[in-house]
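# Observations on the three-dimensional arrangement
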Amino acid sequence: MEIDSLLKQTSFCNNDLVSLLTCTNQAEEQLFAYSKYIRDTTIGNSVHMRGLVEISNICIKDCLYCGIRRSNNHAQRYSLTDEEILNAASFAHRYQYGSIVLQGGERKDKAFTERIEQLLLKIKKLSNNTLGITLSLGEQNKETLQRWKDAGAHRYLLRIETSNEKLYQKIHPKDELHNFHTRLECIHLLQECGYQTGTGVMIGLPDQTIEDLANDLLFLKNIDVDMVGMGPYLEHHETPLWEKRNQLLTPKQRLQLGLHMVSCLRILMPDINIAATTALQAIDPYGREKALEIGANVIMPNITPLTNRANYQLYENKPGMDEGAEESTQRLIESVRKSGCQVQLASWGDSQHFFKRSN
Ligand code: SAH
Ligand code: SF4
C-alpha cells in the first residue's frame, strides 16, 4: 500500500506497521513528517527534561544483555550516598528541570526500599514539593510501590523489554526472578497504584524480527501506557548476549529502526510521553535530537556525579561520561532548540494521556 493511504488509516495491524517500520527514502520522510505533525498538533512541541540519577549499579538480576548484571564480576559496584542523591536533586531543582528520575539496579530488601522512601520524602522537602520524581528501580511488590508513591514518586518506568514471551525468555535466565508474566503483572500494579506508567522495549535484539517490533507497538497501545522509553539494544562484551553480536543489525540500522519505532508510536499514541533515549545517542551524537525532530518529547540528561557515571554501564560506549551536569544542560537546551522544539523548564511535564485515562 502507498504510504499516503497507510498514514490516513485510524487503526493499524501488524502488516501495516511492518511497512512503516521498513519504509525508506521519500516514504520515510513522509512518515517522519507525519509523526512530527501529530505531536505538534496534539501535545505541542515542548520537550520536558528529567534529570537522570543513576543511584546504584548493584542488582539482584542477571539479564543476559546488561553490563551491570549480577554475574559481571568486572563491574565495579557503587551506591550513591544520600548526600550525593540529594545534591543531584537540588541541582535539578536549581536548574529548573522540573523533575528527576532515580534509576538503578533492582533490589527488594527492606533496607533498600525504606531508604528510597526516606529519600523521596527528603527530595520533596528540599524542593518545596515542586520537583516531580520518576522511579526506575525494577520489579517491586504492591506494598513497596504504594509506599514509594505515598512518599512522593508519581511516575515509574519498567520496560517489558520485548512483548514476545519466547524472545523474553531467550534474553533472560530461566528462573523465577526473570519471569515475563511477573514483569507484566508489575506494570499493571503500577497502573493500579496510580503511577503514570512507563514501559518500553529494546530494538535490534538478537533473534528479534520486524514483526516482533510491530507487535511491541501494538502491545504498548493495548496496555495503554502513559510513557514510553525505547532504544536500540547495544552489546556489552561482559554479557552472555555478546556471543550473538555477529547476528545483529548494524548500529546505524538499529538507530534508524529506533527512529521508525518512535515515529510509529507517536502516530499510534498521540498524547503519551515518549523519551529520546540515551541509547540513541550512543550510536549517533545527535540520535536524541533526531528522535525529538520526529515526535519524542522527553529528554533525560544525566546528572549522576561524574565519579560514578562510568560504573553504570548497561552497554558499551555510553555517551556523556566526561561532561558535567551544568555543561550538558546548556548544550542540551541549545540542541533541543535546533530540533525545532522548546525546552519547558520548571514543570513536571506529565503525560497528557494519563489524565484522560484516569477520567
Ligand atoms: N534495573 C531496572 C532499571 C535499570 S536498567 C530495570 O531493569 O528495569 C534500565 C533499562 O536499560 C532496561 O530496562 C533495559 O531496557 C536497558 N538496557 C539494559 N541493558 C541494555 C543494553 N545492553 N542495551 C540497551 N539497553 C539496555
Ligand atoms: Fe539489573 Fe535492570 Fe540490568 Fe536487568 S536490566 S541486570 S534488572 S539493571
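Presented here is an overview of the structure given in this document. (Residues numbered from 1 in each chain as written. Chains lettered and ligands numbered in written order. Predicted model: local features only at pLDDT ≥ 70, side-chain atom pairs only at ≥ 80, totals over all residues. Heavy atoms only, no water.)

## Some points on the overall build of the chain
Looking only at helices and strands, the chain has 15 helices and 11 strands in total. Against the 2.2 N^0.38 benchmark of 21 Å for 359 residues, the chain shows a C-alpha radius of gyration of 19 Å, consistent with a compact globule. Here the chain, with 359 residues, has 59% of them falling under the buried criterion. Partitioning the intrachain contacts of the chain with sequence separation of at least 6 by distance along the chain shows that 77% fall at a separation of at least 24. Surface summary for the chain: the accessible area is close to 15100 Å², and the carbon and sulfur share equals 49%. (Helix = DSSP H or I, 4+ residues; strand = E, 2+ residues; numbered from the N terminus. Rg over C-alpha atoms; globule rule 2.2 N^0.38 Å. Buried < 20%, exposed > 50% of the residue type's maximum accessible area, 1.4 Å probe, protein only. Contact = heavy atoms within 4.5 Å. Areas by Shrake-Rupley, 256 points an atom, 1.4 Å probe, with all protein chains shown as cover.)

## A word on the environment of D350
Note on placement: D350 falls in the loop between β11 (342-344) and α15 (352-358). For D350, a relative accessible area of 21% translates into the label partly exposed. For the pair D350 and I294, spaced 56 residues apart in the sequence, the C-alpha separation amounts to 20 Å. The residues contacting D350, other than those within four sequence positions of it, are H154, R155, Q196, N273 and F355. Side chain to side chain, D350 and R155 meet in a polar contact 2.8 Å long. (Polar contact = N/O pair within 3.5 Å; in protein donor to acceptor, adjacent residues only side chain to side chain.)

## A word on the site of ligand 2
The environment of ligand 2 is made up of C59, K61, C63, Y65, C66, I68, R69 and G105. Of the residues that constitute the shell around ligand 2, the class distribution is five nonpolar, one polar and two charged. (Near = heavy atom within 4 Å. Nonpolar A, V, L, I, M, F, W, Y, C, P; charged D, E, K, R; others polar.)

## Here we look at the side chain of H154
Position of H154 relative to the elements: it lies in the loop between α6 (142-150) and β4 (155-157). Accessibility expressed as a relative area gives 11% for H154, which makes it buried.

## Topic: helix α10 (residues 251-268)
If you check α10, its first and last C-alpha atoms are 25 Å apart, about what 18 residues at 1.5 Å a residue would give, namely 26 Å. Most of α10 sits inside the fold, with 14 of its 18 residues counted as buried. (Expected span 1.5 Å × (residues − 1).)

## Concerning the site of ligand 1
By nearness alone, 18 residues border ligand 1, and Y65, R159, E161, R183 and L234 come closest of all. Within the side chain of R159, one N or O atom sits 2.8 Å away from an oxygen atom of ligand 1. Here E161 contributes a side-chain N or O atom positioned 2.6 Å from an oxygen atom of ligand 1. Its free accessible area being 530 Å², ligand 1 has 93% of it covered by the protein chains.

## Description of the pattern of salt bridges
Should their charged atoms come close, side chains of opposite charge can pair. In this structure the tally under the stated criterion is 24 salt bridges. The closest approach of N and O atoms between E114 and K110, which form a salt bridge, is 3.4 Å. Of the two residues, E114 and K110 are both situated in helix α5 (residues 110-126); the distance of four residues between them amounts to about one turn of the helix. Residue class for E114 comes out partly exposed when judged on its relative accessible area of 31%. K110 sits in the exposed class, given a relative accessible area of 60%. (Salt bridge = Lys/Arg side-chain N within 4 Å of Asp/Glu carboxyl O.)

## Considerations on unusual backbone geometry
Of note in the backbone geometry, Q96 takes a positive phi value of approximately 60° without being a glycine. If you trace the backbone, Q96 turns up in the loop between α4 (82-94) and β2 (99-104). The residue N128 is not glycine, and still its phi comes out positive at about 50°. Here N128 shows up in the loop between α5 and β3 (132-136). Residue N128 is classed as exposed on the basis of its relative accessible area, which comes to 64%.

## A few points about helix α14 (residues 325-338)
Here α14 is 14 residues long and its end C-alpha atoms lie 20 Å apart, about the 20 Å a rise of 1.5 Å per residue gives. Of the positions making up α14, those classed as buried are A325, S328, T329, L332, I333, S335 and V336. Packed against the buried residues of α14 are β1 (46-56), α4, α12 (287-293), β10 (298-299), α13 (306-309) and β11. Just beyond α14, the residue with positive phi is G340, at close to 85°.

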